[in-house]
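Descriptive analysis of the structure
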Amino acid sequence: MLEKYGHGGDLLTAAELYGGGSGVAFLDFSANINPLGPPPGVLELLRDSLPAITAYPDPGHRRLKSLLAESLGIHGDWITVGNGAAESMALLLLAAAPRRVGVVEPCFSEYRQLSEQFGAEVVSVQGTQEQDYRASVEQIAGLMEQVELLFLGQPNNPNGVQYALDDLRLLAQQAERCGTVLAVDEAFIDFIPEERRQSLLPELGVYRHTVLIRSMTKFFAIPGLRLGYTIAAPELAAAMTGKQVSWSVNGLALLAGEACLRSGRDYEERTRGLIAAERAALRQGLKRLGCEVPPGEANFLLLGLPAPWSAAALQEKLGRSGILVRSCAMYPGLGPGHIRVAVKGREDNARLLRQMEKTLRAGMGEA
């Protein structure tokens, strides 16, 4: 199984399974990273900044926090910078110390894994295929009464769909009534045009129990550096910072984050335009191959494979041809025939469609 550690993007495991030495030759659709690569000038800045590794990074992340606060239109004391969104989730769990955590499945596996790692019991509700794997607001609100913290993906991974803003408001109001922390994971929201984003960011002053978790590694294509942040009421943000190991965010990551935020709107708009166009074209191509594809809004698509194919069988076949996809067979609420693919550039997406068509047609009897 390619997901040896529970995630996509594992090129070393791919090399062990399918050959290919270091794995650099793989076309990786298992990790959802901006196909444009980092903003112009970021790699050059990192090369020029290598001597900075002889100095400790700023433990207060002050310059990055200031740029984030300016970009988001909020005060810096609402922001906690983390070593990726995963550390941000861990800090929230440590600060809130919930005994029971709620998740809405299918969802990012780290919600459950981290919660159980820190000793919490995890309870869940499941979305339905009819709702593109969303759960109802009533289900989620009911779950909130049973837990001290609840994770909700917005847009959700692996199906890429958003909840409507009015639904988020109802859930945030329920969190206030219950005293439950509502952790809204917005790791992929930057890929959605601003006019289509459903986010409570402008209203967080009203909803003090709601926390937004964001990633900079996916949109700005710097996953190897690890960089994320949370937006939370200052008292909760301070509690999270109090649980953070000193210097957990390295100096090069901070420099890259600052450069990304200074990169300007052209890079951001080009990214969103590319993802919107290529996602639509890729979805149509996958549907023509007989796949069920919910209309996600992020930079990835969830697929239900045509019978009798399983995720494991197709992943193996594609891996042997140099293409990696993410099996979703282990996600509660999905089945053995579900995979997830990233949205890449036109040429790469076309290669995926050609290889999938060849594989599906040639190997039906082996699936």
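Here, the structure is the one placed above.
Now for a look at the structure at hand. (Residues numbered from 1 in each chain as written. Predicted model: local features only at pLDDT ≥ 70, side-chain atom pairs only at ≥ 80, totals over all residues. Heavy atoms only, no water.)

1. Notes on unusual backbone geometry
To keep it simple, the criterion reads: Going along the chain from the N terminus, every DSSP run of H or I of four or more residues is numbered as a helix, and every run of E of two or more is numbered as a strand. Exposure is judged per residue with a 1.4 Å probe applied to protein chains only, and the accessible area is read against the type maximum: over 50% gives exposed, under 20% gives buried, and values in between give partly exposed.
The residue after Glu105, namely Pro106, is reached through a cis peptide bond having omega 0°. As for its position among the elements, Pro106 is in the loop between strand 3 (100-105) and helix 5 (109-117). The omega angle of the peptide bond from Ala307 to Pro308 is 5°, so this bond is cis rather than trans. For Pro308, the position within the fold is in the loop between strand 9 (300-304) and helix 11 (311-320). A positive phi is found at Tyr133, a non-glycine position, where the angle reads about 70°. Looking at the secondary structure, you find Tyr133 in the loop between strand 4 (121-126) and helix 6 (137-144). Backbone geometry at Arg226 places phi at a positive 65°, although glycine is not the residue there. Residue Arg226 is classed as partly exposed on the basis of its relative accessible area, which comes to 29%.

2. What about the packing of aromatic side chains?
The geometry of an aromatic ring pair is captured by the separation of the ring centres together with the interplanar angle, meaning the angle of the planes. To keep it simple, the criterion reads: Each pair of aromatic rings taken from Phe, Tyr and Trp, with Trp reduced to its six-membered ring, is defined by centres within 6.5 Å and is described as stacked if the planes are under 30 degrees apart, edge-to-face if over 60, and tilted in the remaining cases. Whether a charge sits over a ring comes down to the Lys NZ or Arg CZ being within 6 Å of the ring centre and within 35 degrees of the ring normal.
Tallied over the full model, the rule gives ten aromatic pairs. Relative to Phe191, the ring of Phe188 has its centre 6.5 Å away and its plane inclined at 35°; by these criteria the two rings are tilted. Across the pair, exposure class does not vary: Phe188 and Phe191 are buried alike. An aromatic cluster of three or more residues is present, and its members are Phe188, Phe191, Phe219, Phe220, Tyr267 and Phe300. Sitting above the plane of the Phe29 ring, Lys344 keeps its charged end 5.6 Å from the centroid.

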